[in-house]
Amino acid sequence: MTIGELMPRLSGVTTSPLVGASPEILERTVAAITYDSRRVEEGAVFVAVRGQQFDGTRFVPEAVSHGAVLVVASSGRPDDAHVPWLTVTDERVALAELSAAFYGDPSQELTVVGVTGTNGKTTTTYLISAIFDAAGWSCGRIGSVGYRTGVRETVADRTTPEAPEVQSLLRKMVDQGCTACAMEVSSHALGMRRVEGTQFAAAVFSNLTRDHLDYHPDMEHYFATKRRLFEMLRGGAPAIINVDDPYGEQIAATADRPVTYGITAAADVSAVGIDSTLEGSSIEVRTPRGHLRIRTKLPGRLNVYNVLAAVAT
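Residues numbered from 1 in each chain as written. Predicted model: local features only at pLDDT ≥ 70, side-chain atom pairs only at ≥ 80, totals over all residues. Heavy atoms only, no water.

### Things to note about the overall build of the chain
Looking only at helices and strands, the chain has nine helices and 15 strands in total. The principal-axis extent of the C-alpha atoms belonging to the chain is close to 70 × 40 × 35 Å. Among the 313 residues that make up the chain, the fraction classed as buried is 52%. If you take every contact in the chain between residues at least 6 apart in sequence, the share linking residues at least 24 apart comes to 58%. If you sum the accessible surface of the chain, you get close to 14100 Å²; carbon and sulfur atoms cover 49% of it. Considering the chain, the positive charge centre built from 29 side chains and the negative charge centre built from 36 side chains are found 5 Å apart. (Helix = DSSP H or I, 4+ residues; strand = E, 2+ residues; numbered from the N terminus. Buried < 20%, exposed > 50% of the residue type's maximum accessible area, 1.4 Å probe, protein only. Contact = heavy atoms within 4.5 Å. Areas by Shrake-Rupley, 256 points an atom, 1.4 Å probe, with all protein chains shown as cover. Lys, Arg positive; Asp, Glu negative; His and termini not counted. Charge placed at Lys NZ, Arg CZ, Asp CG, Glu CD.)

Right, here's the structure in full:
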């Protein structure tokens, strides 16, 4: 893929990449998209991300010395940059858009289910991926425990990785025969736009409790960030929502296609009988398609919610 082919995928572009370069730059083949100057290779596009401690533009000289052919940043090109420079309004959105385009939009070749909330994300993604696998849909998984692409699983370094890693993992899933993906989507990932450009077939909301307030200034900001996942859904894509949670009720009220679950509130999928011990739980579940009796080795009320979320999905 060339720089000229990537350009139409970018939103918020405020300058031409031809600033400080000849027209031939648009024909230059792109070897990688990266935000880490230490990982730049010959032919890479370097996206200078502003972090909490450092501005990525300070690492441009290192990126150029390693072979970067274009810098994308939200600040203008300095006179001594000596590299083609593209200015955008939001460099994190640009990083996600470039990554999705570079890897050929792999989420469009998968059924991707995003799971967000404070508690239960990991267990719910494991349950959803197990259901897909049992149905014959090979399912990849991205989450805080590990990343699974087909038969291979690697240890995770964060719940939802940065945009280039997300798109690379999705592409590996497609290449290894996966047809679905269950992905934990953290509030950090949503706030930092790591999953922009990802097409979600469905999204799950588990709950919202007082956590991560070191990153979010208050609960309303935390909730607004989580809600972003449901705003990304295309029309008709189901939003699977725990309506026992007051924040879930708010999402359900505005979702295009809500599929609700709960224990106490009226819901599409509900637990009408629970027998829970330390050895696990037996749950009678009412759904629009009939009743189910589910036995699980997962104990406790939180895991009943996780099972309901997977059933509803």
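### Digging into the packing of aromatic side chains
Overall, the coordinates contain five aromatic pairs when judged by the stated rule. Plain terms: the ring middles of F54 and F59 are 6.3 Å apart, the flat faces sit at 75 degrees to each other, and that makes the pair edge-to-face. With 4.9 Å between their ring centres and 45 degrees between their planes, F223 and Y247 make a pair best called tilted. Separated by 24 residues along the polypeptide, F223 in helix α7 (residues 219-231) and Y247 in helix α8 (residues 246-254) bring together distant segments of the chain. On the basis of relative accessibility, which here comes to 3%, the residue F223 falls in the buried class. (Phe/Tyr/Trp six-rings, centres within 6.5 Å; stacked < 30°, edge-to-face > 60°.)

### Remarks on the sheet that holds strand β2 (residues 44-47)
Read across the open sheet, the four strands follow the order β1-β2-β3-β4; overall the sheet is parallel. With partners counted over all chains shown, the strands left at the sheet margins are β1 (32-34) and β4 (85-87), one partner each. On average, each strand axis in the sheet is inclined to that of its neighbour by 20 degrees, with strand direction left out of account. On the sheet, helix α3 (residues 91-102) packs against β1, β2 and β3 (70-73) and is oriented at approximately 155 degrees with respect to β1. (Pairing = 2+ DSSP bridges. Axes fitted to C-alpha atoms, helices over the stretch in contact; angles between N-to-C directions.)

### Examining the pairing of β2
What you see with β2 is no split at all: A44 and F46 on one side and V45 and V47 on the other are buried throughout. In the sheet, β1 pairs with β2 via three bridges, with the strands oriented parallel. Bridged to A32 within β2 is A44. Handedness of the β2-helix α2 (residues 60-65)-β3 crossover: right-handed. (Right-handed = clockwise from strand over helix to strand, strands pointing away.)

### What about empty space enclosed by the protein?
Counting across every chain of the model gives one cavity of 30 Å³ or more. By volume, the largest cavity is sized at about 30 Å³. For the largest cavity, the full set of lining residues is I3, L6, M7, L10, V45, L70, L86 and L98. Its residues assigned to classes, the lining of the largest cavity shows eight nonpolar, no polar and no charged. (1 Å grid on protein atoms, 1.4 Å probe; cavity = no way out; pocket = protein on both sides within 12 Å on 5 of 7 lines; lining within 4 Å. Points joined across faces, edges and corners; volume = space filled by probe spheres on them. Nonpolar A, V, L, I, M, F, W, Y, C, P; charged D, E, K, R; others polar.)

### A closer look at the environment of I263
Relative to the helices and strands, I263 is located in the loop between β12 (258-262) and β13 (269-277). In this structure, the C-alpha to C-alpha distance between I263 and G248, residues 15 residues apart in sequence, is 13 Å. Residue contacts for I263: discarding those within four places in its chain leaves D244, A271, I274, R301, V304, Y305 and L308.

### Notes on the layout of surface pockets
Approximately 800 Å³ is the volume found for the largest pocket. Split into classes, the residues belonging to the lining of the largest pocket amount to eleven nonpolar, six polar and twelve charged. The calculated volume of the second largest pocket comes to roughly 640 Å³. Looking at the second largest pocket, it is lined by 23 residues, and the ones nearest its centre are R289, A310, V311, A312 and T313. Looking at the lining of the second largest pocket, the elements with two or more residues in it are β5 (111-116), α4 (121-134), β15 (290-296) and α9 (301-312). Of the residues that constitute the lining of the second largest pocket, the class distribution is 17 nonpolar, four polar and two charged.

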